[in-house]
Amino acid sequence: MNKQFQNISQQIVDWYKKYGRHELPWRRNITPYKIWISEIMLQQTQVKTVIPYFKNFLKKYPTLRKISQASEDEIMAQWSGLGFYRRARNIFLTKEIIKNDFNNIFPKTYNEILSLPGIGKSTAGAIMSLAYLTPRPILDGNVKRVITRLVNKGIKPIKEKEFWQISEKLLNTKDCFSFTQGIMDLGATICTPTNPTCNQCPLKLNCQSAFKVKIKPKNKKRSIKRLIEMNLQLIHTEKSFLLVKNEEDSIWSRLWIPFNRATMDSYLNRLTHYKNEQISHQLTHRVLDLSINIYKSEKEFKIQTNKKYKWIKKDKIKEYGIPKPINKLMNEL
DNA sequence: TACCCGTGGCG
DNA sequence: TCGCCAAGGGT
């Protein structure tokens with residue numbers, strides 16, 4: 001059986017060398033830093049979405065040394081619009097740890113890498129295999145799908161522990177770079193969630209599901225997504241917006257957003273309320289119902305609050321981490 | 001363990 | 001239109 005796994009593993013390596021996506025920006029001039037940034041960006045985020053963000057990020061912070069001086073806000077700004085903002089916060093925390101505890105050199109051992117915030121078993125494994133060419137298994141959505149089809153467990157779902165065992169058995173110790181990139185490329189381009197192109201798959205002779213992949217029936221039941229209501233007051237002058245840093249540990253944590261009603265109540269009567277925007281923002285598991293009152297102020301004013309707030313000039317808003325719908329709204333004003 | 005965290009694309 | 005999914009991690 002192990003021989004069978006090694007055979008499959010080698011086929012993935014050979015396939016990657018011919019058909020892999022070698023042109024992806026994080027596969028050129030590889031450094032541990034670049035692999036780290038790309039792996040974090042790619043968590044639950046499609047390659048096509050990541051590419052422009054990765055290029056911009058690397059332009060601003062090409063090395064660990066360059067990012068070591070960056071502020072949290074500067075890093076959040078680079079992340080603005082990409083989503084799952086805790087990842088950006090964790091990049092800030094991790095680069096501080098590397099600066100303080102690792103002499104600003106990316107750590108080399110698996111356990112050290114795993115200890116960094118935002119890096120779990122799979123990302124740590126990917127960094128070891130891709131940056132240090134030291135074989136470690138990974139387990140992401142692609143690998144899970146490939147494994148599931150390969151061994152075809154049918155009705156019985158594969159448990160997390162067994163996924164990891166199979167991923168480790170498959171791992172090619174001679175060329176862990178090509179294998180690791182290859183199994184992800186295979187999942188992304190051939191062994192796709194719907195309509196996999198089995199006739200082009202290097203594993204079609206080994207795969208228990210080849211040419212007979214079952215498509216999950218759609219769940220017709222309309223599941224009720226939990227609603228989050230936000231009532232925000234967007235106040236602006238001719239040249240600037242009043243935003244507050246959201247320190248709540250929930251959605252849009254550490255991004256800059258308009259004030260909520262309670263904080264602003266005593267100031268609103270002196271402003272001109274001229275518009276209300278109702279925005280329904282779809283998240284994966286939630287619906288965000290935004291009610292945004294828009295006010296014009298003749299000039300910037302101070303506010304009694306312990307929150308961190310700023311009047312941000314219109315041409316400086318790109319220097320702050322701001323949620324997508326808020327950014328869109330401000331651009332329209 | 002199940003749930004939380006964003007956004008965009010796709011059928 | 002809407003549910004699902006995408007190089008997951010943290011709690």
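Now for a look at the structure at hand. (Residues numbered from 1 in each chain as written. Chains lettered and ligands numbered in written order. Predicted model: local features only at pLDDT ≥ 70, side-chain atom pairs only at ≥ 80, totals over all residues. Heavy atoms only, no water.)

### As for the packing of helix α1 (residues 2-19) against helix α10 (residues 160-170)
It is at 8 Å that the axes of α1 and α10 come closest, and there the two elements cross at 70°. Viewed along their axes, α1 and α10 adopt a mutual orientation that is roughly perpendicular. Here Asn2, Phe5, Gln6, Ile8 and Ser9 of α1 come into contact with α10, specifically with Ile166, Lys169 and Leu170. Here the contact of α1 with α10 is composed, by residue class, of four nonpolar, three polar and one charged. (Axes fitted to C-alpha atoms, helices over the stretch in contact; angles between N-to-C directions. Helix = DSSP H or I, 4+ residues; strand = E, 2+ residues; numbered from the N terminus. Parallel < 35°, antiparallel > 145°, perpendicular 65-115°, else oblique. Contact = heavy atoms within 4.5 Å. Nonpolar A, V, L, I, M, F, W, Y, C, P; charged D, E, K, R; others polar.)

### Thoughts on the pairing of strand β5 (residues 272-282)
Of the pairings in the sheet, the one linking β5 to strand β6 (residues 286-296) comprises 10 bridges and is antiparallel in character. Bridge pairing links Ile279 to Leu290 in β6. If you look at the hairpin formed by β5 and β6, you'll find three residues sitting between the two strands. (Pairing = 2+ DSSP bridges.)

### Some words on the pairing of β6
Judged by how many residues are buried, β6 sits mostly within the fold: eight of 11 residues are covered. Note: strand β1 (residues 226-236) against β6, 11 bridges, orientation parallel. Looking at the pairing, Leu232 lines up with Ile292 of β6. (Buried < 20%, exposed > 50% of the residue type's maximum accessible area, 1.4 Å probe, protein only.)

### Describing the pattern of salt bridges
Enumeration over the complete set of coordinates arrives at 17 salt bridges. Residue Glu72 is joined to Arg89 by a salt bridge in which the shortest nitrogen-to-oxygen separation is 2.6 Å. Linking Glu72 in helix α5 (residues 72-79) with Arg89 in helix α6 (residues 86-101), this pair joins segments that are 17 residues apart in sequence. Judged by relative accessible area, Glu72 falls into the buried class, the value being 11%. The salt bridge involving Lys275 is made with Glu277; its shortest N-O contact spans 3.8 Å. By relative accessible area, which is 32% here, Lys275 ends up partly exposed. Each of Glu72, Asp73, Arg89, Lys245, Glu247, Arg254 and Lys308 takes part in salt bridges that share partners, so that together they form one network. (Salt bridge = Lys/Arg side-chain N within 4 Å of Asp/Glu carboxyl O.)

### As for α6
For α6, spanning 16 residues, the distance from its first C-alpha to its last is 22 Å, which sits close to the expected 22 Å at 1.5 Å a residue. If you check which residues of α6 are buried, you get Arg87, Ala88, Asn90, Ile91, Phe92, Thr94, Lys95 and Ile98. Buried residues in α6 make contact with α2 (32-41), α3 (47-60), α4 (64-67) and α5. Immediately beyond the C-terminal end of α6, within one or two residues, lies Asn103, with a positive phi of roughly 55°. (Expected span 1.5 Å × (residues − 1).)

### Description of the protein's contact with DNA strand C
In the vicinity of DNA strand C lie 29 residues, with Leu42, Gln44, Thr123, Asn142 and Arg145 positioned nearest. The sugar and phosphate moieties of DNA strand C supply 60% of its atoms located within 4 Å of the protein. When the residues that make up the surface near DNA strand C are grouped by side-chain class, the tally is nine nonpolar, 12 polar and eight charged. (Near = heavy atom within 4 Å.)

### Some remarks on the packing of α1 against helix α11 (residues 176-189)
As a packed pair, α1 and α11 sit with axes 8 Å apart at the nearest point and diverge in direction by 80°. In terms of axis orientation, α1 runs roughly perpendicular to α11. Here Ser9, Ile12, Val13, Trp15, Tyr16 and Lys17 of α1 lie close against α11, whose contacting residues are Phe177, Ser178, Phe179, Gln181, Gly182, Ile183, Asp185, Leu186 and Thr189.

### Concerning the protein's contact with DNA strand B
Residues in contact with DNA strand B amount to 21 residues; listed here are only the nearest, Tyr85, Trp252, His281, Thr284 and Lys324. When the atoms of DNA strand B within 4 Å of the protein are sorted by group, sugar and phosphate make up 59%. Here Trp252 contributes a backbone N or O atom positioned 2.6 Å from a phosphate oxygen of DNA strand B. Here a phosphate oxygen of DNA strand B and a side-chain polar atom of His281 are 2.6 Å apart. (Polar contact = N/O pair within 3.5 Å; in protein donor to acceptor, adjacent residues only side chain to side chain.)

### As for the environment of Thr197
If you trace the backbone, Thr197 turns up in the loop between α11 and β1. Accessibility expressed as a relative area gives 28% for Thr197, which makes it partly exposed. On a C-alpha basis, the gap between Thr197 and Ala210 in space is 9.1 Å, while along the polypeptide they are 13 residues apart. Aside from chain neighbours lying at most four places away, what touches Thr197 is Thr189 and Ile190.

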